[in-house]
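Overview (structure and organization)
Listed below, chain by chain, are the residues.
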Amino acid sequence: KTIIVITIMQLTIIQTWKSLETPVYLYDLSQRMREHNPNAKHLLFLDNNIVAFIKTFFPEYYEFFSSLKYKIQQIDFFQYLVIYILVTWNKFDSR
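Moving on to the overall build of the protein. From N to C terminus, the protein includes four helices and four strands. Within the protein, the fraction of its 95 residues that count as buried is 20%. Taking as baseline every contact in the protein between residues at least 6 positions apart, the subset at least 24 positions apart corresponds to 74%. Carbon and sulfur atoms make up 59% of the accessible area of the protein, which amounts to about 7600 Å² in all.

See the structure below:
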């Protein structure tokens, strides 16, 4: 018999950008996201934060990450790694 426990987590909105200097339209978009999701946890990862995140939590993938040709590929890969960490599925064998 297998019991699957799904942990429901707080809504977390993760945004990425290259630096703290964001265009006004992106700043406004970010503020609207906060207004529409007041109970959500909001995280901003800058490019250097993304690199540090991967070096810290997934050093085995850093070389692959660095080899990706386009920035959007790196961001997409980062998103997959974040999802891997944030979403937890616990499977218990009750035998």
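On we go.
What follows deals with helix α4 (residues 71–86). Compared with the 22 Å implied by 1.5 Å per residue over 16 residues, the 22 Å span of α4 between its first and last C-alpha is a close match. Of the residues making up α4, those classed as buried are Q74, I75, F77, F78, L81 and V82. An end-on view of α4 places all buried positions within 165° of arc, on one side of the element. The outward face of α4, more than 90 degrees from its buried face, is lined by the exposed residues I72, Y80 and Y84. Residues of α4 that are buried make contact with β2 (12–17), β3 (41–46), α2 (47–57) and α3 (62–67).

With that out of the way, let us pick up the confidence of the model for the protein. Per-residue confidence for the protein gives a mean pLDDT of 83, with 81% of residues at or over 70. When the elements of the protein are averaged for pLDDT, strand β4 (residues 89–93) gives the smallest value, 46, and α3 the largest, 98. A low-confidence stretch, residues 89–94 (pLDDT under 50), is modelled with 16 contacts involving residues beyond four sequence positions or located in other chains.

Parameters at a glance
- Residues numbered from 1 in each chain as written.
- Predicted model: local features only at pLDDT ≥ 70, side-chain atom pairs only at ≥ 80, totals over all residues.
- Heavy atoms only, no water.
- Helix = DSSP H or I, 4+ residues; strand = E, 2+ residues; numbered from the N terminus.
- Buried < 20%, exposed > 50% of the residue type's maximum accessible area, 1.4 Å probe, protein only.
- Contact = heavy atoms within 4.5 Å.
- Areas by Shrake-Rupley, 256 points an atom, 1.4 Å probe, with all protein chains shown as cover.
- Expected span 1.5 Å × (residues − 1).
- Arc of directions from axis to C-beta.
- pLDDT = per-residue confidence, 0-100.

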